Amino acid sequence: METYLRNRGDRMPERTTPMGLEPDDDGNVDESNQLHYGNNDEDFSHTLTQHQPAAMHFSKSSLRSRWLVLALTCTVMTASYYSYDIPSALHQQLSDYMPQSSNFERNFNLLYTVYSIPNVILPLFGGNFVDRYGAPQCLLVFASIVCCGSVLLSIGVSNKSWEVMYLGRFVFGLGAESLCVAQSTITSDWFEGKDIAFAMGIGLSVSRLGSIFNNITSPKVANSRGGIQSAFWIGPVLTFSSLLAAALIIFVDRRAIKKLKKRGGDVASTLTEALLEDDAPVRNENNNPCSESDEVHLTDFRKFGIMFWLLTISCFVVYGCVLPFNNVAAGILLERNYYKPAPSSCHLLHPDQCTLGYLQNGTNNPSLSDSTGALCSIDASQAPLLPSSVNITSSASDQSGEWDNEAYVYPNLTTHDVQCNDPFWHSACTSDYCTKESASTERAGKVMSIPYLISALSSPPLGLLVDKIGRRAQIASLASGLLFIVHLTMAVSHSSPVLPLVGQGIAYSCYAAVIWPSVPLTVDKKFTGTAFGVITSVQNIGLALFPLMIASIYKASGNSYIPNVEFLFMSCAGLGVLIGLLLNRLDRRNGGNLNGITSDDESRADAGFANVEDEYFSP
C-alpha cells in the first residue's frame, strides 16, 4: 500500500517487512521491527517505538471524531456570521436610531469597509501563522479577537457613536477573516483525501444559518421593547460561546494526535520527526534529501501559478456581487418592493398635522387624491403619507418626557427626518408610518434570507456532488452567469424579488461549493494555509472598496439603489463569467485538474479504517 507524507506532498517509497519479522495474527509487529524505505538502490531504516498494524495507514480523516471537529468549527463560524450580518439586517433601524445625517449611507457602508481594511493584509499573516503554529490554536486566538470586536460594536451602538462602532468593526475584522482561514485549514486537515468538498459544504451551510437567524431575529428584537441595542448585544453572547467551541477543538486535536501516535498513524509531523531521529535523510522522488525545516514563508505566494491567481480574481469579483449586496439588501428590498414611496398624486387633508397617534386628538387626517378628492388608494407595499410640515414642542403633551427631543420643527418634513425609534414618531405623531415600516423591515429580513437559506440546504449535497463529478471551473462560470441574470432582473424589473433571490442563492451555493475546494488543487499542500490567506486578502480588497462605491452611487443617484447599484453588481458578475471561461480554457491545457475528479487514492487508503474507534465516538 502506498502512503504519503501529507504535509510535504512527497510519496513515500514502498514499505517492506524485514526477513524473519512477520506480523502476528492481530496484524502487529514486534517493537524491534524495522521499516525499510527503499529509494532507487538505497535503503534506510528506522525503529518505531510503538506497535503498528502491518500495512495500515492512519490519519485524522480516518477518525470518526472528524465530525465532532466539523460541528465545533461550524459553531465558531455560525457565531461569527451572525455578528457580521447584524448591521445589514438593521439597516433601516440604524437609520432611525443614529443621529440624523445626510451621510447615513456612507457611514453605514463604512462599517463594512473598516471591517475589510485590516483583512487586506492580515489573512496573509493569518494563513502563514496557521501553517506555522497550528490551525486549532490560531482559531482560538482569532475567535477571541472577534468576540472583543463584537463587544466594542455593541458599546458603540448603545452610545450612538459611529467612531466606537467603527473601532468595533475594525477589531472584529482583525480576527474574522483569519478565523475563516483557520477553519478552512482545519477542515482540510481533518477531511484530507476524503469528502473535503462535502465537509466544506456542511461548514458553509451550518455557518450561514447564523446569517439566516440574524436576518429573521434581529429586526424582530430591534422593533420590540428590547430595541436596537438588545439586537446588537446578541452578537457578543454568541461570539463568547464560540470561544468554548474553539478551546474544545484544541483538546480534540491534541487527543487525536496522541491516538495516532499510539497506532503508528500517518500524522505528518510525527512521522517526519521519527524518520529524522537517526539522522537518516528523507528523500523525495527525485532522490534529493529533504531539509530538516521546510519552513513556510509569506513570500512563498510568488510561487503560486496562474490558475491560483485566476481563482483569486474570480473570487474578488463574484463575491463582490454577493456579500456587498447582502449588506444593503434590506434597503434595496424596501425601496424596490416592500416600502416604496407614498403616491405622489395624493395629499393629506391636513398637511401640517400628525397622521396617527395620541397627538392627533381624534381628528381624521385621511389621504386624498389630488385629481378627484376621493380617498387615495395606497398599496400595501407603499409607505403612508407623512405631514408636509411639523411644528410641535414638548408642551403639546404630558407624555413628552418619553420623547427624544424638546421640539420637533420641520418646515419641510421628509422620510429621512422620521426616526421611528423615537416615541414622538412611532406613538405620538406618525404611528401608521412607523408601524408599517416595522412590518416591512421584518418582511424584508425574511426575504433577504432566501439566498442563505438555499445555501444552507444545498451546500452539503453540492459539495458531495463536486467530490464525485469535479467540473469546478465550469460550475463557477455558470454560477457567475446566473448572478448576472439575477441582478439584471433586480435592476430593470419590479416583479417579486423572491425568484431572483432564489437564483442568487443557487448561484452563491454553487460558486462557494467549488471555489474554496479548488484552492488546494492549485498550490503545494504545505502552502494551503498561506494560499487561503492570500485569496481571502484579495477578496477583502473588494469587500473594502465595494461598500464605498455603493454609497457613492447611491448618493449620486438621488439616494436611490435602483437601478445603478444593481448595475454595479451586474458588472461584477459579468467579469466573473469572463474569468470563468478563461479558467476552463487553461484548465484543459493543464490536464483538467479543476474540472477533473479529485484523486481518490488517499480515500481508498483510508477506506478500510473509516470506522476506526477513537475516544470520542467509541461504542
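Residues numbered from 1 in each chain as written. Predicted model: local features only at pLDDT ≥ 70, side-chain atom pairs only at ≥ 80, totals over all residues. Heavy atoms only, no water.

A short note on the environment of F546
Tracing the sequence through the fold places F546 in helix α17 (residues 528–556). Residue classification places F546 among the buried positions, given a relative accessible area of 6%. Here the alpha-carbon distance between F546 and F325, two residues 221 residues apart in the chain, equals 9.4 Å. When sequence neighbours within four positions are dropped, the list of residues in contact with F546 reads F316, G320, P324, L568 and C572. (Helix = DSSP H or I, 4+ residues; strand = E, 2+ residues; numbered from the N terminus. Buried < 20%, exposed > 50% of the residue type's maximum accessible area, 1.4 Å probe, protein only. Contact = heavy atoms within 4.5 Å.)

Topic: the packing of helix α3 (residues 104–116) against α17
Relative to each other, α3 and α17 sit at 170°, their axes nearing to 8 Å. The angle between α3 and α17 falls in the class roughly antiparallel. Between α3 and α17, the contacting residues are E105, R106, N109, L110, Y112, T113, Y115 and S116 on the first element and N540, L543, A544, P547, L548, I550, A551 and Y554 on the second. Residue composition of the contact of α3 with α17, grouped by class: 10 nonpolar, 4 polar and 2 charged. (Axes fitted to C-alpha atoms, helices over the stretch in contact; angles between N-to-C directions. Parallel < 35°, antiparallel > 145°, perpendicular 65-115°, else oblique. Nonpolar A, V, L, I, M, F, W, Y, C, P; charged D, E, K, R; others polar.)

Focus: the confidence of the model for the protein chain
Close reading of the predicted structure is inappropriate where its pLDDT is low. Scored by pLDDT, the protein chain comes out at a mean of 80, with 79% of its residues at no less than 70. With pLDDT under 50 throughout, residues 1–56 is counted as low confidence; its partners more than four residues away or in other chains account for 114 contacts. Segment residues 600–619 is flagged for pLDDT under 50; beyond a separation of four residues in sequence, or across chains, it makes 50 contacts in the model. (pLDDT = per-residue confidence, 0-100.)

Comments concerning the packing of aromatic side chains
Going through the model one piece at a time under the given rule, you end up with 28 aromatic pairs. Relative to F424, the ring of W403 lies with its centre 5.0 Å away and its plane at 75°, an arrangement referred to as edge-to-face. One end of the pair, W403, is in the loop between β8 (390–393) and β9 (407–410); the other, F424, is in helix α12 (residues 423–429), with 21 residues separating them in the sequence. F424 matches W403 in its accessibility class, with the two residues each being buried. Feature note: the residues Y84, F104, F108, Y112, Y115, W162, Y166 and F172 constitute an aromatic cluster, connected by ring pairs. (Phe/Tyr/Trp six-rings, centres within 6.5 Å; stacked < 30°, edge-to-face > 60°.)

Brief notes about the nonpolar core
Judged by nonpolar contacts, the single largest core of 148 residues is most densely connected at Y319, F424 and W516. Among the elements that take part in this core, helix α6 (residues 162–190) stands out by supplying 11 residues, more than any other. (Core = buried A, V, L, I, M, F, W, Y, C linked by side-chain atoms within 4.5 Å.)

Things to note about the pairing of β8
Here β8 shows a buried face lined by V390 and I392 and an unburied face lined by N391 and T393. Where β8 meets β9, 4 bridges bridge the pair, whose relative direction is antiparallel. Its bridge partner being in β9, V390 is matched across the sheet by Y410. (Pairing = 2+ DSSP bridges.)

A closer look at the environment of T415
Along the chain, T415 turns up in the loop between β9 and α12. A relative accessible area of 45% places T415 in the partly exposed class. Sequence separation between T415 and D96 is 319 residues, and the spatial gap between their C-alpha atoms is 9.9 Å. Beyond its immediate chain neighbours, meaning those up to four positions away, T415 contacts L386 and Y433.

Notes on the state of the cysteines
The full count for this structure, using the stated rule, is 3 disulfides. Residue C346 pairs covalently with C376 via a disulfide, S to S 1.6 Å. Because the sign of the S-S torsion sets the handedness, a value of about 50° for the bond joining C346 and C376 places this disulfide among the right-handed ones. Of this pair, C346 sits in strand β6 (residues 346–348) while C376 sits in the loop between β7 (367–369) and β8, and the two are 30 residues apart along the sequence. (Disulfide = S-S within 2.5 Å.)

Focus on helix α7 (residues 196–223)
Since one α-helical turn is 3.6 residues long, residues separated by three or four positions face the same way. Compared with the 40 Å implied by 1.5 Å per residue over 28 residues, the 41 Å span of α7 between its first and last C-alpha is a close match. Bending of α7 peaks at approximately 30° at the position of N214. Within α7, 21 of the 28 residues are buried, leaving the element largely enclosed by the surrounding structure. (Expected span 1.5 Å × (residues − 1). Bend = angle between axes of the 7 residues up to and from the residue.)

Section: the packing of α7 against helix α16 (residues 498–518)
Between α7 and α16, the least distance of the axes is 9 Å, while the angle of their chain directions is 130°. Judged by the angle between their axes, α7 and α16 are oblique. When you trace α7 past α16, the crossing you get is right-handed. Listed contacts from α16 to A197, M200, L204 and R208 of α7 are Y508, A512, W516 and P517. Split by residue class, the contact of α7 with α16 holds 7 nonpolar, no polar and 1 charged. (Left-handed = near helix turned anticlockwise from the far one by under 90°.)

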